[in-house]
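Observations on the three-dimensional arrangement
The lines below spell out each chain.
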Amino acid sequence: TKYYSEEELLKIRQSLNIEKKDLMTISGGASYKFFENNKSEYFEMIKKMLIAKKDLKHVIMSNLNKDQEDIINKIFDDKELKKRLIILPLSPDYEKIFQASDLYIDSFPISSAMTQIDMMRLKVPSVVKINTKNPEWSFHEYMPPKYPYMFEKVEDLLSSIIDLLENKEKRDKIVKSNYEFWLQNWELNAYKNNIDKIINEVIND
């Protein structure tokens, strides 16, 4: 994993027209994860988030089709507000863009398990959406037990996002605790050792 310096991350943000004084949130993943029944509760929430935080710009990395773009445009009927929604295609250089953000926001209705693990590794704080309606779309079990920033209700998720954006100390605490969890559970050697332990327990049972 390459960790970029603050100077490098600032240049990445500036290349996206995000100034040093601005806050930056980010989401990413296959486009189908953000839509359901020709609607997007996810983008409805992002709109409310941008209205609440005037100094915020939100980046989404996904390859959207025309129908999905139309849904977004209908939600973001305010052109000035839409300027603060930055849509980028999926890219192999995603790690440096994610590292430049202040907070990762989980995709929903379909969550992104591997991306959440990436955020732990890349030292980016994150919030998680729990899908109780369709549990097979929810991957909150990948997070630390009793992780305090995962929510069933969208309004609770939004409230937590606003709180974290206004509290850098809380974000820094998430980064530290999630990275330690990654080292113990999802880092390659740690994961291998955990699997070996399970196999040995089964064999010797």
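Throughout what follows, the structure given in this document is the object of discussion. (Residues numbered from 1 in each chain as written. Predicted model: local features only at pLDDT ≥ 70, side-chain atom pairs only at ≥ 80, totals over all residues. Heavy atoms only, no water.)

Notes on the environment of alanine 100
Its place among the elements puts alanine 100 in the loop between helix H5 (94-99) and strand E4 (103-105). Separated by 33 residues in the primary sequence, alanine 100 and lysine 133 have C-alpha atoms spaced 33 Å apart. With near-sequence residues (within four places) excluded, alanine 100 lies in contact with Leu9, Ile12, Arg13 and Met24. (Helix = DSSP H or I, 4+ residues; strand = E, 2+ residues; numbered from the N terminus. Contact = heavy atoms within 4.5 Å.)

A few points about helix H6 (residues 113-122)
Counting buried residues along H6, nine of its ten residues qualify, which places the element largely inside the surrounding structure. Of all the residues in H6, the buried ones are Ala113, Thr115, Gln116, Ile117, Asp118, Met119, Met120, Arg121 and Leu122. The elements touched by buried residues of H6 are strand E1 (23-28), H5, E4, strand E5 (126-129) and helix H8 (168-185). At the exit of H6 stands lysine 123, carrying a positive phi of roughly 65°. (Buried < 20%, exposed > 50% of the residue type's maximum accessible area, 1.4 Å probe, protein only.)

Observations concerning the sheet that holds strand E2 (residues 56-61)
Across the sheet, which stays open at both edges, the six strands sit in the order E3-E2-E1-E4-E5-E6 with parallel pairing between neighbours. Here the strands that pair on one side only, and so sit at the sheet edges, are strand E3 (85-88) and strand E6 (150-151). Note that E5 and E6 share two bridges and pair parallel. Bridging from a neighbouring strand, lysine 129 pairs with phenylalanine 151 of E6. Those strands touched by H6 are E1, E4 and E5, and its axis lies near 160° from that of E5. (Pairing = 2+ DSSP bridges. Axes fitted to C-alpha atoms, helices over the stretch in contact; angles between N-to-C directions.)

Observations regarding the layout of surface pockets
To locate leftover empty space, one rolls a probe as large as a water molecule over the atoms. Put simply, the largest pocket is a space of about 600 Å³. Around the largest pocket sit 20 residues that line it, and Glu6, Leu9, Gln99, Ser101 and Asp102 are the ones nearest its centre. Secondary-structure elements contributing two or more residues to the lining of the largest pocket are helix H1 (6-15) and H8. Ranked by residues supplied to the lining of the largest pocket, first place goes to H1 with five residues. Classifying every residue of the lining of the largest pocket by side-chain character gives nine nonpolar, two polar and nine charged. By volume, the second largest pocket is sized at about 310 Å³. Glu36, Glu41, Phe108, Pro109 and Lys133 are, among the 17 residues lining the second largest pocket, the residues nearest its centre. Class assignment of the residues belonging to the lining of the second largest pocket gives a composition of six nonpolar, four polar and seven charged. (1 Å grid on protein atoms, 1.4 Å probe; cavity = no way out; pocket = protein on both sides within 12 Å on 5 of 7 lines; lining within 4 Å. Points joined across faces, edges and corners; volume = space filled by probe spheres on them. Nonpolar A, V, L, I, M, F, W, Y, C, P; charged D, E, K, R; others polar.)

A closer look at the pattern of salt bridges
By the definition in use, this model includes 14 salt bridges. The partner of aspartate 77 in a salt bridge is lysine 47, and the shortest N-O contact between them spans 3.5 Å. Of the two residues, aspartate 77 is situated in the loop between helix H3 (66-75) and helix H4 (79-82) and lysine 47 in helix H2 (residues 41-52); the sequence distance between them amounts to 30 residues. Note that glutamate 95 and arginine 121 form a salt bridge whose closest N and O atoms lie 2.8 Å from each other. In this pair, glutamate 95 is assigned in helix H5 and arginine 121 in helix H6, connecting sequence segments 26 residues apart. (Salt bridge = Lys/Arg side-chain N within 4 Å of Asp/Glu carboxyl O.)

Some points on the side chain of serine 31
Position of serine 31 among the secondary structure elements: in the loop between E1 and H2. Residues within four places of serine 31 in sequence aside, it is in contact with Ser62, Asn63, Leu64 and Gln68.

Brief notes about the side chain of glutamine 116
Here glutamine 116 shows up in helix H6. On the basis of relative accessible area, glutamine 116 is assigned to the buried category, the value being 2%. Among all residues touching glutamine 116, those that are not within four sequence positions of it are Tyr104, Asp106, Ser126, Val127, Val128 and Met143.

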